[in-house]
Amino acid sequence: MTVTVDVTALQIAARIASTIDPVFAMIDGWRDRIEADLLSVATPSAERLDPRIAELVGPPLEAPGSLITGAGFVAAPGYLADAPWHLAWWLSGANTFGAGDQPGLRRLDAVSDPDAEQFRDYTVLEWWRVPARTGTRHLTGPYVDYLCTDDYTVTITTPVRAAGEMAGVVGTDLYVASLERVLLPVVRESGHPCTLVNASGRIVTSTDSHRATGALLRLDGLAGALAPLREREGSAPGESSALPGGATVVPCGDTSLALVFEA
């Protein structure tokens, strides 16, 4: 069914996509560099790989006005010869999580010993589990990230493959608060109630102050309208859909985010 969409809604959705697209492009570039590096050695190791990850993610993490607050590579269990479980993840100076008296760019102090009490199996987490299953990019959140930020976060990850096997994922964290500062003024330009949601219907930001970040937006027909975004994640965007109550769901490019526009 053809859906007539307000031009303003289409413009806002396009501007939201243009804000996220550079982050996608950056992650894709990291993936390509890491895959090339892994293929260049007979036995991939954390000792060799970690300095290269730091060189890739450090400058964009510290760039003025950067949206990202953490970034790096997480290895598939057993892939690296010298590190069966391994997170090569760096945090920006804007990320105060666990900084103590050492603010600034720093490496995440992750527990990699599976016998340790604080160890966490990252392969059960959404940002790992979904890309591993689908083989494509995934946007997780908003969720409270107790591992890297201790705040509402969006995590974008994409698989890294080498010699036909999954070597891990590469990605980045963005504070939802930072995204809101950039995106909410754009969403408000419509002059209509608008809510930005992920493919599961969780709220990223909204012109309605009663719609809390991270909560599920409950509108009749919304789950069905968002299903194509979940199915096509990491590929071409789906089409706009009309909800029974009169709202329109407009995909924001291939970000897997959607604008719920209530005219």
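So, here is what we can say about the structure in this document. What you see is a predicted model, and the numbers here were worked out from it, not measured in a lab.

Cut-off values and rules
Residues numbered from 1 in each chain as written. Predicted model: local features only at pLDDT ≥ 70, side-chain atom pairs only at ≥ 80, totals over all residues. Heavy atoms only, no water. Buried < 20%, exposed > 50% of the residue type's maximum accessible area, 1.4 Å probe, protein only. Helix = DSSP H or I, 4+ residues; strand = E, 2+ residues; numbered from the N terminus. Contact = heavy atoms within 4.5 Å. Polar contact = N/O pair within 3.5 Å; in protein donor to acceptor, adjacent residues only side chain to side chain. Expected span 1.5 Å × (residues − 1). Bend = angle between axes of the 7 residues up to and from the residue. Pairing = 2+ DSSP bridges. Axes fitted to C-alpha atoms, helices over the stretch in contact; angles between N-to-C directions. Parallel < 35°, antiparallel > 145°, perpendicular 65-115°, else oblique. Left-handed = near helix turned anticlockwise from the far one by under 90°. Nonpolar A, V, L, I, M, F, W, Y, C, P; charged D, E, K, R; others polar. Phe/Tyr/Trp six-rings, centres within 6.5 Å; stacked < 30°, edge-to-face > 60°. Lys NZ or Arg CZ within 6 Å of the ring centre and 35° of its normal.

### Let's talk about helix α3 (residues 126-134)
For step 1, the next point in the chain: Trp127, Trp128, Val130 and Pro131 are the residues of α3 that are buried.
For step 2, the next point in the chain: Looking at the buried positions of α3, the neighbouring elements they touch are β1 (68-75), β4 (138-144), β5 (152-162) and β6 (165-175).
For step 3, the next point in the chain: Phi turns positive, to about 75°, at Gly135, one or two residues after α3.

### Details of the environment of Asp32
For step 1, the next point in the chain: Its place among the elements puts Asp32 in helix α1 (residues 7-39).
For step 2, the next point in the chain: Separated by 59 residues in sequence, Asp32 and Leu91 have C-alpha atoms that sit 21 Å apart.
For step 3, the next point in the chain: A polar atom in the side chain of Asp32 sits 3.1 Å from the side chain of Arg31.

### Things to note about helix α4 (residues 176-188)
For step 1, the next point in the chain: For α4, which comprises 13 residues, the first-to-last C-alpha distance of 17 Å matches the rise-based estimate of 18 Å (1.5 Å per residue) to within 8%.
For step 2, the next point in the chain: Residue Val182 marks the point of greatest curvature in α4, where the axis turns by about 35°; the proline Pro185 follows within four residues.
For step 3, the next point in the chain: Of the positions making up α4, those classed as buried are Val176, Ser178, Leu179, Leu183, Leu184, Val186 and Val187.

### Concerning the side chain of Asn95
For step 1, the next point in the chain: Along the chain, Asn95 falls in the loop between β2 (87-91) and β3 (106-107).
For step 2, the next point in the chain: A polar side-chain atom of Asn95 sits 3.2 Å from a polar atom in the side chain of Tyr175.
For step 3, the next point in the chain: Sequence-distant contacts of Asn95, that is, excluding residues within four places in its chain, are made with Thr69, Arg106, Cys148, Thr149 and Tyr175.

### Quick word on the sheet that holds strand β11 (residues 258-261)
For step 1, the next point in the chain: With respect to topology, five strands assemble into an open sheet ordered β8-β7-β11-β10-β9, the strand pairing being antiparallel. With one partner strand each, in any of the chains shown, β8 (203-206) and β9 (241-242) form the two edges of the open sheet.
For step 2, the next point in the chain: Looking at chain direction, strand β10 (residues 248-251) and β11 are connected through four bridges and run antiparallel. Across the sheet, residue Val250 finds its bridge partner in β11, namely Leu259.
For step 3, the next point in the chain: Across the sheet, α4 is in contact with β7 (194-197), β8 and β11; its angle to β8 comes to roughly 45°.

### A look at the packing of α1 against α4
For step 1, the next point in the chain: Where α1 meets α4, the axes come as close as 10 Å, and the angle between the chain directions of the two elements is 160°. The pairing of α1 with α4 is recorded here as roughly antiparallel in orientation. For the element pair α1 and α4, the recorded crossing hand is right-handed. Where α1 abuts α4, its residues Ile12, Arg15, Ile16, Thr19 and Ile20 lie against Leu179, Val182, Leu183, Val186 and Val187.
For step 2, the next point in the chain: A class-by-class count of the residues in the contact of α1 with α4 yields eight nonpolar, one polar and one charged.

### A closer look at the environment of Ala76
For step 1, the next point in the chain: Topologically, Ala76 is positioned in the loop between β1 and β2.
For step 2, the next point in the chain: Sequence separation between Ala76 and Met26 is 50 residues; the distance between their C-alpha atoms is 21 Å.
For step 3, the next point in the chain: Those residues in contact with Ala76 that sit more than four places away from it in its chain are Pro84, Trp128, Met166, Ala167 and Gly168.

### A look at the sheet that holds β2
For step 1, the next point in the chain: Taken in spatial order, the six strands make up an open sheet running β3-β2-β1-β6-β5-β4, and their pairing is antiparallel. Both edges of this open sheet fall to β3 and β4, since each of them pairs with a single strand only.
For step 2, the next point in the chain: Looking at chain direction, β1 and β2 are connected through five bridges and run antiparallel. Considered in β2, the bridge of Gly70 is made with Leu91.
For step 3, the next point in the chain: Contacting β1, β5 and β6, α1 crosses the sheet at an angle of about 35° to β5.
For step 4, the next point in the chain: Those strands touched by α4 are β4, β5 and β6, and its axis lies near 60° from that of β6.

### Things to note about the packing of aromatic side chains
Given two aromatic rings, their pairing is described by the distance between the two centres and the angle made by the two planes.
For step 1, the next point in the chain: Inspection of the entire model under this criterion finds four aromatic pairs.
For step 2, the next point in the chain: Both rings, one in Trp85 and one in Tyr122, keep their centres 5.3 Å apart while their planes meet at 70°; by these two values the pair is edge-to-face. In this pair, Trp85 sits in the loop between β1 and β2 while Tyr122 sits in the loop between β3 and α3, placing the two residues 37 residues apart along the sequence. Each member of the pair Trp85 and Tyr122 is classed as buried.
For step 3, the next point in the chain: Relative accessible area serves as the criterion here: at 2%, Tyr122 is assigned to the buried category.
For step 4, the next point in the chain: Three or more aromatic residues joined by ring pairs make a cluster, and in this case those are Trp85, Phe119, Tyr122, Trp127 and Trp128.
For step 5, the next point in the chain: We note Arg137 situated over the ring of Phe24; from NZ or CZ to the ring centre the distance is 3.7 Å.

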